[in-house]
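Given next are the chains, with one letter for each unit.
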2 protein chains.
Amino acid sequence: MNKPQVPDFLKNIRVVLTRTSHPGNIGSAARAMKTMGLTRLYLVEPKVFPSPEADTLASGAVDVLEQATVVASLAEALSGVTVACALTSRRRELTTPLAVPREATPELVARAQAGEQVALVFGNETFGLSIGEVEQCNRLVTIAGNPDYFSLNLAMAVQVMCYELFSHSGFAMDYLKPAGEPATLDEVEGLCGHLAQAMDDIGYFRRRNSERLMRRMRTLFGRAGLERDEIDILRGFCKQIERVAAEHGKIERS
Amino acid sequence: MNKPQVPDFLKNIRVVLTRTSHPGNIGSAARAMKTMGLTRLYLVEPKVFPSPEADTLASGAVDVLEQATVVASLAEALSGVTVACALTSRRRELTTPLAVPREATPELVARAQAGEQVALVFGNETFGLSIGEVEQCNRLVTIAGNPDYFSLNLAMAVQVMCYELFSHSGFAMDYLKPAGEPATLDEVEGLCGHLAQAMDDIGYFRRRNSERLMRRMRTLFGRAGLERDEIDILRGFCKQIERVAAEHGKIERS
């Protein structure tokens, strides 16, 4: 199976970092973005940029840093954007509805798929977004977490949001799935019959309720979702049991 | 509104890091866990631990490191565990079903809520989990991402999984939500009537289709989900328009 391509509409999603203090966080954010197929990074008044520290932490995502757009105001970063999500973990005296990422993401994906430009806006590591910055956004998003320790690192927050977006993008992981063939119900039934015969041959049913035992085996196999290969292994095992039982019979007779 | 408590069952979820090379990643993972209310960290043969670098990156989550359990084998870390999820991004020749975090998480949460011990198992930064380690787990989880750059940092992967678990924990963010009072339909209708009157008073409807205009206003207000306060502001504005229009009328008459 071929590797699928990252969906093209992800290029309509911007990540905007405003007034970031630590260049390492910019690098880690770029790496987080690229792992989830995002590439458009906007930096509003970064304290230090470009920087070797950002490049180091970006690892293989230096291309995202090289293409980053550095601007002097959030308004510039949001030019052409229809929906901007302010990431915040503080209680805000605003009547913009507050959503968790899972609630906010489907709309962002739908708009980006329709060709609109949308943005995720992250504030400074220590102070978050200013009131003025939040007011330039038309959505508020909070990543739910431990209320007694809400110390989510900036790049971690970027990772979580990009992960949410990617997980709504309809990208299929099928190419990583093992190619096993599921057994049909009649194949499972054939195994059960074979197993019952083998159990009987070696005297396992003596003084036991064979129907009840087989019912338990049948539900176990049903739950496990057997593969065809596994049926083959188990039936081979049953065949060997029957063979040994037959020989044992011969030995006893002699 | 009081801050809610982190759900107690999260203590039944272990994060297991096997053969971690960089102590900084252990610290960042501890911080990631704590932001999402997880505290049980197991370290299988960490290269360096404890270490000042881990403590620095753990930030306020040094308590998670101090309580961490260091063991010599994955089997020890999984003692008492019913479901262990191996995190992997490679194609595995195993017939354990491969799930994305969102598919795998509800079962983990349900089991942890029922008092079972469950585990997330993360491999070495460079080599991932060995075949032997994966075989000790009964679930396989892959975080979907860019197939051309799957360079998710270890602590980032921990953050994503802990975020998923927390987002399924039923924790309500209501205490962060603004306490606005939504307007009722008749209050919105009252505003529309008032607005129509004000528009008429200042001659805005002249040569325009007033019904069509008001229909657009009504759908706009419906979409916006007005708060009672906002209705008050807008009706105050309408009242002022009517006042000015009336004075203007007087001025004209005079």
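Reading guide: rules and limits
- Residues numbered from 1 in each chain as written.
- Chains lettered and ligands numbered in written order.
- Predicted model: local features only at pLDDT ≥ 70, side-chain atom pairs only at ≥ 80, totals over all residues.
- Heavy atoms only, no water.
- Helix = DSSP H or I, 4+ residues; strand = E, 2+ residues; numbered from the N terminus.
- Rg over C-alpha atoms; globule rule 2.2 N^0.38 Å.
- Buried < 20%, exposed > 50% of the residue type's maximum accessible area, 1.4 Å probe, protein only.
- Pairing = 2+ DSSP bridges.
- Contact = heavy atoms within 4.5 Å.
- 1 Å grid on protein atoms, 1.4 Å probe; cavity = no way out; pocket = protein on both sides within 12 Å on 5 of 7 lines; lining within 4 Å.
- Points joined across faces, edges and corners; volume = space filled by probe spheres on them.
- Nonpolar A, V, L, I, M, F, W, Y, C, P; charged D, E, K, R; others polar.
- Least-squares fit on C-alpha atoms with pLDDT ≥ 70 in both.
- Patch = residues over 30% accessible without salt bridge, like charges linked within 9 Å, V, L, I, M, F, W, Y side chains within 5 Å.
- Areas by Shrake-Rupley, 256 points an atom, 1.4 Å probe, with all protein chains shown as cover.
- Salt bridge = Lys/Arg side-chain N within 4 Å of Asp/Glu carboxyl O.
- Lys, Arg positive; Asp, Glu negative; His and termini not counted.
- Charge placed at Lys NZ, Arg CZ, Asp CG, Glu CD.
- Domains from an automatic or database assignment.
- Axes fitted to C-alpha atoms, helices over the stretch in contact; angles between N-to-C directions.
- Parallel < 35°, antiparallel > 145°, perpendicular 65-115°, else oblique.
- Left-handed = near helix turned anticlockwise from the far one by under 90°.
- Buried area = accessible area lost by both parts, 1.4 Å probe.
- Polar contact = N/O pair within 3.5 Å; in protein donor to acceptor, adjacent residues only side chain to side chain.

### Points about the overall build of chain A
1) Next: From N to C terminus, chain A includes ten helices and seven strands.
2) Next: Taken over the C-alpha trace, chain A has a radius of gyration of 29 Å; the compact-globule value for 254 residues is 18 Å, which it surpasses by more than 25%.
3) Next: In terms of principal-axis extent, the alpha carbons of chain A reach across some 95 × 35 × 35 Å.
4) Next: For chain A, the residues scored as buried account for 47% of the 254 residues in total.

### As for the pairing of strand 1 (residues 13-18) of chain B
Residue and element names in this part refer to chain B.
1) Next: Across the six residues that make up strand 1, a large majority, six, are buried.
2) Next: Going residue by residue along strand 1, you find Ile13, Val15 and Leu17 tucked away on one face and Arg14, Val16 and Thr18 tucked away on the opposite face as well.
3) Next: Here five bridges tie strand 1 to strand 6 (residues 117-122), and the two strands are oriented parallel to one another. From the neighbouring strand, Val16 faces strand 6, where its bridge partner is Val121.
4) Next: In this structure, strand 1 lies alongside strand 2 (residues 40-44), joined through five bridges in parallel fashion.

### A word on the side chain of Thr18(B)
Residues and elements named next belong to chain B.
1) Next: Mapped onto the elements, Thr18 comes out in strand 1.
2) Next: Its relative accessible area of 0% is what places Thr18 among the buried residues.
3) Next: Discounting residues that sit within four places of it in the chain, Thr18 has contacts with Val44, Leu74, Val121, Phe122, Gly123, Asn124, Leu129 and Glu133.

### Comments concerning the layout of surface pockets
1) Next: In this structure, the largest pocket encloses a volume near 1,200 Å³.
2) Next: Along its surface, the largest pocket is lined by 48 residues, and Asn25(B), Asn153(B), Leu154(B), Ala155(B) and Met156(B) are the ones closest to its centre.
3) Next: Among the secondary structure elements, those contributing two or more residues to the lining of the largest pocket are helix 1 (23-35), helix 2 (52-58) and helix 7 (154-167) of chain A together with helix 1 (23-35), helix 2 (52-58) and helix 7 (154-167) of chain B.
4) Next: Taken together, the residues that form the lining of the largest pocket break down as 16 nonpolar, 24 polar and eight charged.

### Quick notes on the relation of the copies chain B and chain A
1) Next: Superposing chain B onto chain A requires a rotation of 180° together with a translation of 0.0 Å along the rotation axis, leaving an RMSD of 0.1 Å. Overall, the copies show the geometry of a two-fold rotation axis.
2) Next: When you check the interface residues of chain B against chain A, 100% turn up at the interface there too, and the contact is symmetric in its surfaces.

### Description of a positive patch on the surface
1) Next: Taken together, Arg212(A), Arg215(A), Arg216(A) and Arg223(A) make up a surface patch of like positive charges.
2) Next: Judged by relative accessible area, Arg216(A) falls into the exposed class, the value being 52%.

### Brief notes about the domain arrangement of chain A
1) Next: Once the domains are mapped, chain A shows domain 1 (8-175) and domain 2 (185-253).
2) Next: The distance between the C-alpha centroids of domain 1 of chain A and domain 2 of chain A comes to 57 Å.

### Concerning the sheet that holds strand 2 (residues 40-44) of chain A
Where strands meet in a sheet, backbone hydrogen bonds hold them as pairs that are either parallel or antiparallel.
All names here are of chain A.
1) Next: Across the sheet, seven strands lie side by side as 3-2-1-6-4-7-5; this open sheet has parallel pairing. Lying at the two open borders of the sheet, with one neighbouring strand each, are strand 3 (69-71) and strand 5 (98-99).
2) Next: Of the strand pairs in this sheet, strand 5 and strand 7 (residues 139-141) are connected by two bridges, and their pairing is parallel. Its bridge partner lying in strand 7, Ala99 is registered against Val141.

### A look at the sheet that holds strand 6 of chain B
Residues and elements named next belong to chain B.
1) Next: Pairing is parallel across the open sheet formed by seven strands, whose spatial order is 3-2-1-6-4-7-5. Bordering the open sheet on either side are strand 3 (69-71) and strand 5 (98-99), each of which pairs with just one other strand.
2) Next: Contacting strand 1, strand 4 (81-87), strand 6 and strand 7 (139-141), helix 7 runs over the sheet at an angle of about 150° to strand 6.

### Quick notes on the packing of helix 7 of chain A against helix 7 of chain B
1) Next: In contact at an axis separation of 10 Å, helix 7 of chain A and helix 7 of chain B are set at 60° when each is read in the N-to-C sense. Comparing their axes, helix 7 of chain B and helix 7 of chain A come out oblique. Crossing handedness for the pair helix 7 of chain A and helix 7 of chain B: right-handed. Here helix 7 of chain A contributes Ala155(A), Met156(A), Gln159(A), Val160(A), Tyr163(A) and Glu164(A) to the contact with helix 7 of chain B, which in turn contributes Ala155(B), Met156(B), Gln159(B), Val160(B), Tyr163(B) and Glu164(B).
2) Next: In the contact of helix 7 of chain A with helix 7 of chain B, the residues fall into eight nonpolar, two polar and two charged.

### Some words on the packing of helix 5 (residues 101-113) of chain A against helix 7 of chain A
All names here are of chain A.
1) Next: Where helix 5 meets helix 7, the closest approach of the two axes is 9 Å, and the angle between their N-to-C directions is 55°. Considering the angle they form, helix 5 stands oblique to helix 7. Along this stretch, helix 5 crosses helix 7, giving a crossing that reads as right-handed. Across the interface between the two elements, Pro101, Arg102, Thr105, Leu108 and Val109 from helix 5 touch Met161, Glu164 and Leu165 from helix 7.

### Things to note about the interface of chain B and chain A
Where interface size is given, it is often the accessible area lost as the parts come together that is meant.
1) Next: Taken together, the contacts link 55 residues of chain B with 55 residues of chain A.
2) Next: Summing the contributions of chain B and of chain A, the shared interface buries around 4,500 Å²; its carbon and sulfur component is 60%.
3) Next: Together, Pro147(B), Tyr149(B) and Tyr163(B) form the three largest contributors to the area buried by chain B at its contact with chain A, with a combined 15%.
4) Next: Our enumeration of links across chain B and chain A arrives at two salt bridges.
5) Next: Linking Arg102(B) and Glu164(A) is a salt bridge whose minimum nitrogen-to-oxygen distance equals 2.8 Å.
6) Next: Our enumeration of links across chain B and chain A arrives at 18 residue pairs in polar contact (both at pLDDT 80 or more).
7) Next: Contributions of two or more residues to the side of chain B that touches chain A are made by helix 1, helix 5 (101-113) and helix 7 of chain B.
8) Next: When residues in the side of chain B that touches chain A are grouped by element, the largest group, eight residues, is from helix 7 of chain B.
9) Next: Tallied by class, residues from the side of chain B that touches chain A come to 27 nonpolar, 16 polar and twelve charged.

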